[in-house]
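Each chain, written out:
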Amino acid sequence: SSRRRHTRCLSDWSSDVCSSDLNALRAQTTPSAGGSHLSPSQLASVAAIAERILPRTDTPGASDVNVAGFIDRMYGEYLGPAERRSLVTGLTELEKSTAASARKAFVQLDAAAQDQVLQGLATAKEPATREFFRQMRELTVVGYFTSEQVGKSVLHYDPVPGRWEADVSITEVGNRNWTR
């Protein structure tokens, strides 16, 4: 039941239960070097994919907020059997195809080559391949935007805002229209 609820909420953004469940999951996810559910090579591939989807710019990247650890936890505790199969099969096929074409693992490719591989996944004719990329992109985005660091430094989330002022110039609040 708990797993179904978490799986459902990944596709139902309007659910209040979803928000609280993801916040609880994020709070329990601690950064670690190794995964507890995915193999080290799978976790490395997940981290590389997530970093290409949300790379570091003037904001933190996926690796800065341990999105791979979030995906590992989702895989081990919240995804259903079909979603797990899709993720593992996708990672296996990704490694097979990069080994055959470039004679390297995905994580050993340079950024441009990784981007080209991911673009191929996103536009593949096989539904399973497109589904794997969609799943990775969705898990990456959810893991990234539910992280505390992104909430504070990118989204500027203020859990207990100050007093409400009706008509304040945006320049008075640091050019951020949702926080003070």
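The numbers attached to residues start from 1 for each chain and follow its sequence in the written order. Residue-level local features of this predicted model are given only where pLDDT is at least 70; pairs of side-chain atoms are given and counted only at 80 or more, and the full residue set underlies all totals for whole chains, interfaces and linings. Heavy atoms throughout the structure, all of them, feed into the side-chain values; hydrogens and water do not.

Chemist: Lay out the packing of aromatic side chains in plain terms, naming residues and giving numbers.
Modeler: Centres within 6.5 Å are what make two rings of Phe, Tyr or Trp a pair, Trp counting through its six-membered ring; a difference in plane orientation under 30 degrees is then read as stacked, over 60 as edge-to-face, and the rest as tilted. Applying the stated criterion across every chain yields a total of 1 aromatic pair. The lysine or arginine in question, R84, covers the ring of Y75, its NZ or CZ lying 5.4 Å from the ring centre. Remark: a charge is flagged as sitting over a ring if the NZ atom of Lys or the CZ atom of Arg is within 6 Å of the ring centre and within 35 degrees of the ring normal.

Chemist: I'd like to hear about the pattern of salt bridges, residue by residue, with values.
Modeler: Counted as salt bridges are all cases of a side-chain nitrogen of Lys or Arg within 4 Å of a carboxyl oxygen of Asp or Glu. Inspection of every chain in the model, using the stated rule, returns 7 salt bridges. Between E93 and K96 there is a salt bridge; the shortest N-O distance is 3.9 Å. With E93 and K96 both in helix 5 (residues 81-102) and 3 residues apart, the pair spans about one turn of that helix. Think of it in three bands: residues with accessible area under 20% of the maximum for their type are buried, residues over 50% are exposed, and the middle band is partly exposed, with areas taken using a 1.4 Å probe on protein chains only. Under the relative-accessibility criterion, E93 is labelled partly exposed at 44%. K96 sits in the exposed class, given a relative accessible area of 52%. In this structure, R134 and E131 form a salt bridge, with 2.5 Å as the shortest nitrogen-oxygen distance. Of this pair, R134 and E131 both sit in helix 7 (residues 127-145), 3 residues apart, roughly one helical turn. Ionic contacts of the salt-bridge type, sharing partners, join the residues E131, R134 and E138 into one network. A run of H or I in DSSP counts as a helix once it spans at least four residues, and a run of E counts as a strand once it spans at least two, with each numbered from the N terminus.

Chemist: Tell me about the environment of H37, residues and numbers included.
Modeler: Inspection of the secondary structure assignment puts H37 in the loop between helix 2 (16-28) and helix 3 (40-53). Looking at H37, the relative accessible area reads 33%, which means it is partly exposed. Here the alpha-carbon distance between H37 and D72, two residues 35 residues apart in the chain, equals 5.9 Å. Excluding its chain neighbours within four sequence positions, the residues that come into contact with H37 are D72, R73, Y75, G76 and E77. Polar contacts here mean pairs of N or O atoms no more than 3.5 Å apart (in protein, one a potential hydrogen donor and the other a potential acceptor; neighbouring residues in sequence count only if both atoms are side-chain atoms). A polar contact of 3.4 Å, which involves the side chain of H37, links it to the side chain of S36. A contact between two residues is defined here by any heavy atoms of the two lying within 4.5 Å.

Chemist: So, the nonpolar core: which residues are in play, and what are the values?
Modeler: In these notes, a set of buried Ala, Val, Leu, Ile, Met, Phe, Trp, Tyr and Cys residues joined through side-chain atoms within 4.5 Å is what counts as a nonpolar core. Of all hydrophobic cores here, the largest spans 31 residues; its most connected members are I49, I71 and L87. When near neighbours in sequence (up to four residues on either side) are disregarded, L87 contacts L38, I71, Y75, F132, Q135 and M136.

Chemist: Please give an account of the side chain of S86 that cites residues and values.
Modeler: Looking at the secondary structure, you find S86 in helix 5. Filtering out sequence-adjacent residues up to four positions away, S86 remains in contact with E131, F132 and Q135.

Chemist: Pulling in residues and values, what's your account of the confidence of the model for the protein?
Modeler: On average, the protein scores 82 in pLDDT, and the residues at 70 or more come to 77%. Residue-level confidence of the predictor, termed pLDDT, takes values from 0 up to 100. Predicted confidence is poor over residues 1-17, with pLDDT under 50, and the contacts of this stretch with residues over four places away or in other chains come to 27 contacts.

Chemist: Outline the side chain of Q114, listing residues and values.
Modeler: Along the chain, the position of Q114 falls in helix 6 (residues 111-122). A relative accessible area of 7% means that Q114 is categorised as buried. Leave out the neighbours within four places in its chain, and Q114 touches A48, R52, F106, V107 and L109.

Chemist: Got a sec to walk through the packing of helix 3 against helix 5? Specific residues and values, please.
Modeler: Every axis in this analysis is a line fitted to C-alpha atoms, fitted for helices over the stretch in contact. Angles between the N-to-C directions lie between 0 and 180 degrees. Running from N to C, helix 3 and helix 5 cross one another at 85°; their axes reach a closest spacing of 11 Å. Regarding the angle of helix 3 to helix 5, the classification is roughly perpendicular. Every residue of helix 5 that contacts helix 3 at Q42, S45, V46 and I49 is listed here: V88, L91, L94 and E95. For classification, angles of less than 35 degrees are called roughly parallel, those exceeding 145 degrees roughly antiparallel, those between 65 and 115 degrees roughly perpendicular, and all remaining angles oblique.

Chemist: Go over unusual backbone geometry, please, and point to the residues and values.
Modeler: Located in the positive-phi region is N66, a residue other than glycine, with phi close to 55°. Assignment of secondary structure puts N66 in the loop between helix 3 and helix 4 (67-77). What makes N66 buried here is its relative accessible area of 14%. One non-glycine residue, R103, adopts positive backbone phi at about 60°.

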